[in-house]
Amino acid sequence: MAQLRKVILPQLPKTPSGISGLDEITQGGLPKGRPTLICGEAGSGKTLFSIEFIVRGALNYNEPGVFVAFEEKADELATNVASLGFDLKKLIDTKKLRVDYIHIERAEIEETGEYNLEGLFIRLDYAIKSIGAKRIVLDTIENLFSGLSNKAILRAELRRLFQWLKDKGVTAIITGEKGDGHLTREGLEEYVSDCVILLDHRVNNQISTRRLRIIKYRGSFHGTNEYPFLIDEEGISVLPVTSLKLNNKVSSKRVSTGITKLDEMLGGKGFFKGSSILVSGTGGIGKTSIAAYFAHASCSRNDRCIYFAFEESPEQIMRNMKSIGLDLKHYVEEGLLKFHASRPTTFGLEMHLLAIYKLIRQFKPKSIILDPITNLVTVGTVSEIKSILIRLIDFLQKEQITVLFTALTLNSSINEQTDEGVSSLVDAWLMVRDIELNGERNRGIYIMKSRGMNHSKQVREFIITDKGVDILNVINGPEGILVGSAREAFQLKMKNEKILFKK
Amino acid sequence: MKDDVPYYEMQLFITGATPNSVRAVANMKKICETYFPGNYKLEIIDIYQQPFLAKDEQLIALPMLIKSSPLPLKRLIGDMSDTNKVLKGLDYDL
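The shown structure was predicted, so the numbers you read here are calculated from the model rather than taken from an experiment. Counting of residues starts from 1 at the beginning of each chain's written sequence and follows it residue by residue. Chain letters start at A and ligand numbers start at 1, both assigned in the order the entries are written. With the structure being a predicted model, the display of local features is reserved for residues of pLDDT at least 70 and the display and counting of side-chain atom pairs for 80 or more, all residues being used for whole-chain, interface and lining totals. To get the side-chain values, take all heavy atoms of the structure and skip hydrogens and water.

Participant: Outline the overall build of chain A, supporting the account with residue identities and numerical values.
Facilitator: Per the secondary structure count, chain A includes 14 helices and 25 strands. Its C-alpha radius of gyration of 30 Å places chain A more than 25% over the 23 Å reference for a compact globule of 503 residues. Referenced to the eigenvectors of the C-alpha coordinate spread, the extents of chain A come out at roughly 120 × 70 × 45 Å. Residue burial is assigned from relative accessible area. The probe radius is 1.4 Å, only protein chains are included, and a residue is buried under 20% of its type maximum, exposed over 50%, and partly exposed in between. In chain A, which comprises 503 residues, the share counted as buried stands at 55%. Within chain A, contacts between residues separated by at least 24 positions form 70% of all contacts whose residues are at least 6 apart in sequence. For chain A, the computed accessible surface area is about 23,500 Å², with 51% contributed by carbon and sulfur atoms. This count recognises Lys and Arg as positive and Asp and Glu as negative, with His and chain-terminal groups excluded. The location of each charge is read from NZ of Lys, CZ of Arg, CG of Asp or CD of Glu. Looking at charge distribution, chain A has the averaged site of its 68 positive side-chain charges lying 8 Å from that of its 61 negative ones. Each helix is a run of DSSP H or I of at least 4 residues and each strand a run of E of at least 2, with the numbering of both proceeding from the N terminus. The globule rule used for comparison is 2.2 Å times the number of residues to the exponent 0.38, while the radius of gyration itself is calculated over C-alpha atoms. The contact criterion used throughout is that any non-hydrogen atoms of two residues lie within 4.5 Å. For the area figures, the Shrake-Rupley method with a 1.4 Å probe applies, and any residue is considered shielded solely by the protein chains shown.

See the structure below:
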């Protein structure tokens, strides 16, 4: 029988960029010892991207780097990146980094015949040798074109330069500004053919999102999507790729909802660990209270929890929950509960997702709450929100984090199709709704679905008092389920009858 | 020699014995001897021997001629084969 043998060929060697998320997308980093082109419009983050590549290389991988600036002077550059916590001066002093500023003023120069860029080669060679550099950035080499007029010479020299860099074995980043119909103004992509990354900064509905796409990566697999990225006080983070396969591990452990009666409705034990739960209902119905109970329960088990609030401030939530006898403040002080409040319009949806990811990675919670997801509609369409939530749920499932979403349904349209279409994604769905009867408004709670467990199918009365949230057992009267004052009247009647009957 | 003829001080940066460099040196010597004989100082510097100068002098394109006197300072690049452009660059009035 023929034996199938899998030949393992050597993979293209890669240099980790150290930029969080990028190395996952590129499966290891940038091509080692080869030039990579980073292109994008002005202000898309090219310089920052490349400086982070150099700094992370020097700090995390012990690879000294040379930063050749054609635009900014060394001290300007140092000031600009100081806000990211990169101390260039210290790196320069310890010979981990060298910044070279190259400047050509066209007005100063008369061209009198044949020339080449040997001076640039000598400078680069000298800079590389002086610190034993393994990485180099040329930012933005196209500026040479504005300083020198003989394009034929420049093109030939750039071709020579990139080959020379390859021979030197340094991993290089070349940045280029986006041009008309080309990736770069001078068509650098023709010369740098190993890896091309495009940075983009787009504004949709007045909300800007930075995105990154790997256009080309010769000899390697890579993610082909557009990935949003964030620039914050820690530098660049690219949204990690979530595997969108349905093969996550599941847990059969259960976690309490914090409301005993609700646990009873859910087969007596509560939600599955690592599952996703949707609580939907009209305004003022107690969704946030249910969420807060869940957070409280999580903390009382000594499990960390993050509360993402898109509507109310943390102080407001804590004050309001105190009024129903729930003290969240001491858990915040103990460091078990973390509030993260942000207006949905602060940034785009992808950014919200990224912010959530980052916080989860830092805080490592066992459960999170998003309250309410319906507010995100202001920054994206329903289908966008759905795609974001799919990715979020997928990520949380992998990390075995239980998530509780709340969603607002409008009074006018209490159909089961709202809730941003997430109802089909979640594992459990609780509905809280108004029951208007006899001139009073009462709350009813029921479980629309709860995958993998036998759950109560009844509508139960849900009450909020200053002692907290409670769910009452169903009282069946002669005309069906009784709620509110009708229930109380019926209960009283029954009690009286009991007494009378005994006598 | 007239008194108002300026004294030329120039530095020519070259890269070893590459064709451009050899031509630039020959062309420059010829120009100097033709237009301001005996009234100039031409220093020829091989960058291969002193690579650190490349950074100090902002050298990129080579060969490069820097005229430091008379002022203003001028930079000329190329093999100096275009005599008219060289003279223009040196502010020499024909």
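Participant: Just give me the short version of the sheet that holds strand E15 (residues 276–281) of chain A, but keep the residues and values in it.
Facilitator: Residues and elements named next belong to chain A. Here we have 9 strands laid out as an open sheet, ordered E17-E16-E18-E19-E15-E20-E21-E22-E23, and mixed in their pairing. The sheet terminates laterally at strand E17 (337–341) and strand E23 (468–471), the two strands that pair on one side only. Each neighbouring strand pair of the sheet contributes to a mean axis angle of 20°, computed without reference to strand direction. Sheet analysis places E15 next to strand E20 (residues 428–437), joined by 5 bridges and oriented parallel. Each bridged residue has a counterpart across the sheet, and for Gly281 the counterpart in E20 is Val432. Simply put, an axis is a line fit to the C-alpha atoms, just over the touching stretch for a helix, and the angle between two N-to-C directions goes from 0 to 180 degrees. Its contacts with the sheet place helix H12 (residues 349–363) against strand E16 (305–309), E17 and strand E18 (367–371), and it is angled at close to 160° to E16. Pairing between strands requires that DSSP locate at least two bridges from one strand to the other.

Participant: Talk me through the UniProt feature "domain: KaiB" (unreviewed entry) in chain B; I want residue IDs and the actual numbers.
Facilitator: UniProt positions are given in the numbering used here, feature names are shortened, and annotations may be inferred rather than shown by experiment. Mapped onto this structure's residue numbering, the UniProt feature "domain: KaiB" (unreviewed entry) falls at residues 11–92 of chain B. A distance of 17 Å separates the end C-alpha atoms of residues 11–92 of chain B, which is 34% helix and 26% strand.

Participant: Before we move on, could you go through the interface of chain B and chain A and cite the residues and values that matter?
Facilitator: For an interface, size is often stated in terms of accessible area lost upon the parts coming together. On the side of chain A, 25 residues touch chain B, which itself brings 29 residues to the contact. Summed over the three residues of chain B that lose the most area to chain A, namely Lys55, Ile60 and Ile77 of chain B, the buried surface amounts to 31% of that side. Definition used for salt bridges: Asp or Glu carboxyl oxygen within 4 Å of a side-chain nitrogen of Lys or Arg. The tally of links from chain B across to chain A stands at 2 salt bridges. For the salt bridge of Lys88 of chain B with Glu110 of chain A, the shortest nitrogen-to-oxygen distance reads 3.8 Å. Definition of a polar contact: a pair of N or O atoms within 3.5 Å, with one able to donate and the other able to accept a hydrogen when the atoms are protein atoms, and with sequence-neighbouring residues admitted only if both atoms are side-chain atoms. If you look at where chain B meets chain A, you find 15 residue pairs in polar contact (both at pLDDT 80 or more). Accessible surface is computed with a 1.4 Å probe, and the buried area is the amount of it that two parts give up when combined, taken over both parts together.

Participant: Describe the environment of Val432 of chain A, naming the residues involved and giving the relevant values.
Facilitator: Residues and elements named next belong to chain A. Looking at the secondary structure, you find Val432 in strand E20. In this structure Val432 comes out as buried when scored by relative accessible area, which is 1%. The sequence separation of Val432 and Lys287 amounts to 145 residues, and the corresponding C-alpha distance is 7.6 Å. Beyond its immediate chain neighbours, meaning those up to four positions away, Val432 contacts Val279, Ser280, Gly281, Thr282, Ile285, Ile290, Gly444, Ile445 and Phe462.

Participant: Describe unusual backbone geometry, and please don't skip the residues or the numbers.
Facilitator: Here the residue pair Asp139 of chain A and Thr140 of chain A is connected by a cis peptide bond, since its omega of -15° sits within 30 degrees of zero. For Thr140 of chain A, the position within the fold is in the loop between strand E7 (135–139) and helix H6 (143–147). At Met80 of chain B, a residue that is not glycine, the phi angle is positive and equals roughly 60°. Mapping Met80 of chain B onto the fold places it in the loop between strand E4 (74–77) and helix H3 (83–89).

Participant: I'd love a proper account of the sheet that holds strand E2 (residues 40–46) of chain B, names of residues and values included.
Facilitator: Across the sheet, 5 strands lie side by side as E6(A)-E4(B)-E3(B)-E1(B)-E2(B); this open sheet has mixed pairing. Because the sheet does not close on itself, it has two edges, and the strands there are strand E6 (109–111) of chain A together with E2 of chain B. When strand polarity is set aside, the average angle formed by the axes of neighbouring strands in this sheet is 20°. Here 7 bridges tie strand E1 (residues 8–14) of chain B to E2 of chain B, and the two strands are oriented parallel to one another. Residue pairing across strands places Ile14 of chain B opposite Asp46 of chain B, the latter belonging to E2 of chain B. Where helix H1 (residues 19–35) of chain B meets the sheet, its contacts fall on E1, E2 and strand E3 (64–69) of chain B, and the angle it forms with E1 of chain B comes to roughly 165°.

Participant: Outline the nonpolar core, supporting the account with residue identities and numerical values.
Facilitator: Residue and element names in this part refer to chain A. The definition of a nonpolar core used throughout is a set of buried Ala, Val, Leu, Ile, Met, Phe, Trp, Tyr and Cys residues joined through side-chain atoms within 4.5 Å. Ranked by internal contacts, the top residues of the largest apolar core, which has 52 residues, are Ile136, Leu138 and Leu161. In contact with Ile136, not counting residues within four places along its chain, are Ile54, Val66, Val68, Leu124, Ile128, Leu165, Val170, Thr171, Ala172 and Ile173. Counting 41 residues, the second-largest nonpolar core is a separate cluster that includes Ala309, Phe339, Leu430 and Phe462.

Participant: Give a detailed account of the packing of helix H5 (residues 118–131) of chain A against helix H7 (residues 151–168) of chain A, specifying residues and quantitative values.
Facilitator: All names here are of chain A. Interaxial distance between H5 and H7 falls to 11 Å at its minimum, and their mutual angle equals 20°. Between H5 and H7, the angle falls in the class roughly parallel. Read as a crossing pair, H5 and H7 show a hand that is right-handed. For the pair H5 and H7, the contacting residues are Glu118, Leu120, Phe121, Leu124, Asp125, Ile128 and Lys129 in the first and Glu157, Arg160, Leu161, Trp164 and Lys168 in the second. Looking at the contact of H5 with H7 residue by residue, the class counts come to 6 nonpolar, no polar and 6 charged. Oblique is the label for any angle not under 35 degrees, not over 145, and not in the 65 to 115 range, which are roughly parallel, roughly antiparallel and roughly perpendicular in turn. Each helix crossing is assigned a hand: it is left-handed if the near helix lies turned anticlockwise from the far helix by less than a right angle, otherwise right-handed if that turn is clockwise. Note on residue classes: Ala, Val, Leu, Ile, Met, Phe, Trp, Tyr, Cys and Pro are nonpolar, Asp, Glu, Lys and Arg are charged, and everything else, Gly too, is polar.

Participant: I'd love a proper account of the side chain of Lys14 of chain A, names of residues and values included.
Facilitator: Residue and element names in this part refer to chain A. By secondary structure assignment, the location of Lys14 is in strand E1 (residues 14–15). No salt bridge is formed by the buried Lys14; its nearest oppositely charged neighbour, Asp23, is found at 9.1 Å. Within the local environment of Lys14, its side chain forms a polar contact with the side chain of Ser220, the two groups lying 2.5 Å apart. When sequence neighbours within four positions are dropped, the list of residues in contact with Lys14 reads Thr26, Gln27, Gly28, Gly29, Leu30, Lys32, Tyr217, Ser220 and Phe221.

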